[in-house]
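# Secondary and tertiary structure notes
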Amino acid sequence: MRITVFLGAPGSGKGTQAKRLAEDGLVHHFSTGDMLRAAIAAGSDIGLKAKVYIDKGELLPDDVMIELINKALKPLPDSSKVILDGFPRTVAQAEALDKSPRSRVSEAIMFEIPEDILVKRLTGRRVCKKCGSSFHVEFMPFEPGKSCQDCKGEFLYQRTDDSIDVVGKRLAIFKTQNEGLLSYYSRVGNLKKIDANKQVDLIQKSLVDLMS
Ligand code: AP5
């Protein structure tokens, strides 16, 4: 498999870009955050466990996350192209991926962006319950019950972990884990970086260049 991992702070745009790059159906996109939120919505065992951590802005245990991602990758053919968005979050998760030659990471792309922009993006984010598209209140004033611009689905909501208190905690945890991940992938020799404080289309172009 050719596995690209997207590294970066909450709100740095990993999900936005991964969804766009997977639109052609040729790339498999796995967002561990989306997988966990789907499990919460389904009321499964892992969902019940995940909710406690997500609502507090804390990371789930490594063994739970490693099992989740291994299960997702298992059925894919060896020729698959994969983007992992939100995994790995710790060095233990990164090592678990590289342990098997099949899931060894080809490149880790770090989304670089100043922290003040992240706080604004996250606290202003509203998400469509049906299709998962996200919007910012500045560009689409939020009204409860307002339908999604993309799918006209149900309504837009604020993620429980996008409140200002939880955002602060998520960013603090990101900082404690990220240094180790950057050192890990620099040592392995496959770390790349992009400026994520640009327009969505420009970032996408940089990613396509980096991933080709
Ligand atoms: P997860 O869902 O992965 O959250 P995150 O990493 O905090 O990522 P976000 O979805 O907040 O940000 P993003 O970088 O994808 O940005 P987005 O594109 O949405 O994880 C949630 C929780 O699950 C974790 O806290 C943890 O509890 C648990 N978890 C998940 N994975 C785990 C793991 N591996 N181990 C342990 N626990 C785990 O963009 C953000 C906003 O900005 C959007 O509104 C978007 O429209 C806007 N935007 C995007 N790009 C731009 C741009 N270029 N210009 C202007 N606005 C932009």
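Reading the values: rules and limits
- Residues numbered from 1 in each chain as written.
- Predicted model: local features only at pLDDT ≥ 70, side-chain atom pairs only at ≥ 80, totals over all residues.
- Heavy atoms only, no water.
- Helix = DSSP H or I, 4+ residues; strand = E, 2+ residues; numbered from the N terminus.
- Polar contact = N/O pair within 3.5 Å; in protein donor to acceptor, adjacent residues only side chain to side chain.
- Contact = heavy atoms within 4.5 Å.
- 1 Å grid on protein atoms, 1.4 Å probe; cavity = no way out; pocket = protein on both sides within 12 Å on 5 of 7 lines; lining within 4 Å.
- Points joined across faces, edges and corners; volume = space filled by probe spheres on them.
- Nonpolar A, V, L, I, M, F, W, Y, C, P; charged D, E, K, R; others polar.
- Phe/Tyr/Trp six-rings, centres within 6.5 Å; stacked < 30°, edge-to-face > 60°.
- Buried < 20%, exposed > 50% of the residue type's maximum accessible area, 1.4 Å probe, protein only.
- Lys NZ or Arg CZ within 6 Å of the ring centre and 35° of its normal.
- Pairing = 2+ DSSP bridges.
- Axes fitted to C-alpha atoms, helices over the stretch in contact; angles between N-to-C directions.
- Parallel < 35°, antiparallel > 145°, perpendicular 65-115°, else oblique.
- Left-handed = near helix turned anticlockwise from the far one by under 90°.

Looking now at the side chain of aspartate 162. Of note, aspartate 162 is situated in the loop between β7 (156-157) and α7 (164-188). Within the structure, the side chain of aspartate 162 is placed 2.8 Å from the side chain of arginine 125, a separation counted as a polar contact. Beyond its immediate chain neighbours, meaning those up to four positions away, aspartate 162 contacts Leu122, Thr123, Arg125, Val167 and Arg170.

One number sums up the size of the second largest pocket: a volume of about 250 Å³. The wall of the second largest pocket is formed by 13 residues, among which Leu21, Val27, Lys81, Ile83 and Met211 lie closest to the centre. At the level of secondary structure, the elements contributing two or more residues to the lining of the second largest pocket comprise β1 (2-8), β3 (81-85) and α8 (200-211). Here the lining of the second largest pocket is built from residues that sort into eight nonpolar, two polar and three charged.

Another aspect to go through is the packing of aromatic side chains. This structure, assessed with the given rule, holds two aromatic pairs. Ring geometry for phenylalanine 6 against phenylalanine 111: centres 5.0 Å apart, planes inclined by 50 degrees, an arrangement best described as tilted. In this pair, phenylalanine 6 is assigned in strand β1 and phenylalanine 111 in strand β4 (residues 105-112), connecting sequence segments 105 residues apart. As far as burial versus exposure is concerned, phenylalanine 6 and phenylalanine 111 are alike and both buried. Seen in terms of ring centroids, tyrosine 184 and tyrosine 185 are 5.0 Å apart; in terms of plane orientation they differ by 85 degrees. Their pairing is edge-to-face. In this structure, tyrosine 184 and tyrosine 185 share a single accessibility class: buried. Seen from the ring of tyrosine 157, lysine 129 lies directly overhead, with NZ or CZ sitting 5.4 Å from the centre.

Let's shift gears to unusual backbone geometry. A cis amide bond, omega 0 degrees, links phenylalanine 87 with the succeeding residue proline 88. Of note, proline 88 is situated in the loop between β3 and α5 (91-99).

Our next topic: the sheet that holds strand β6 (residues 134-136). Strand order in this open sheet of three strands is β6-β5-β7, and the pairing throughout is antiparallel. Either end of the sheet is taken by a strand with one partner, and the two such strands are β6 and β7. Bridge count for strand β5 (residues 125-128) against β6 is three bridges, and the pairing is antiparallel. What sits directly across from valine 127, in β6, is serine 134. Contacting β5 and β6, helix α6 (residues 115-123) crosses the sheet at an angle of about 40 degrees to β5.

Looking at the secondary structure, you find leucine 26 in the loop between α1 (14-21) and β2 (27-31). For leucine 26, a relative accessible area of 62% puts it in the exposed group. Once the C-alpha coordinates of leucine 26 and serine 80 are considered, the two residues, 54 residues apart in sequence, prove to be 8.2 Å apart.

This part takes up the packing of helix α2 (residues 32-42) against helix α3 (residues 45-56). Two elements in contact, α2 and α3, have axes whose closest approach is 7 Å; the angle formed by their N-to-C orientations is 120 degrees. The angle between α2 and α3 falls in the class oblique. Considering only the axes of α2 and α3, their crossing is left-handed. Residues Leu36, Ala39 and Ile40 of α2 lie in contact with α3, whose contacting residues are Ile46, Gly47, Ala50, Lys51 and Ile54.

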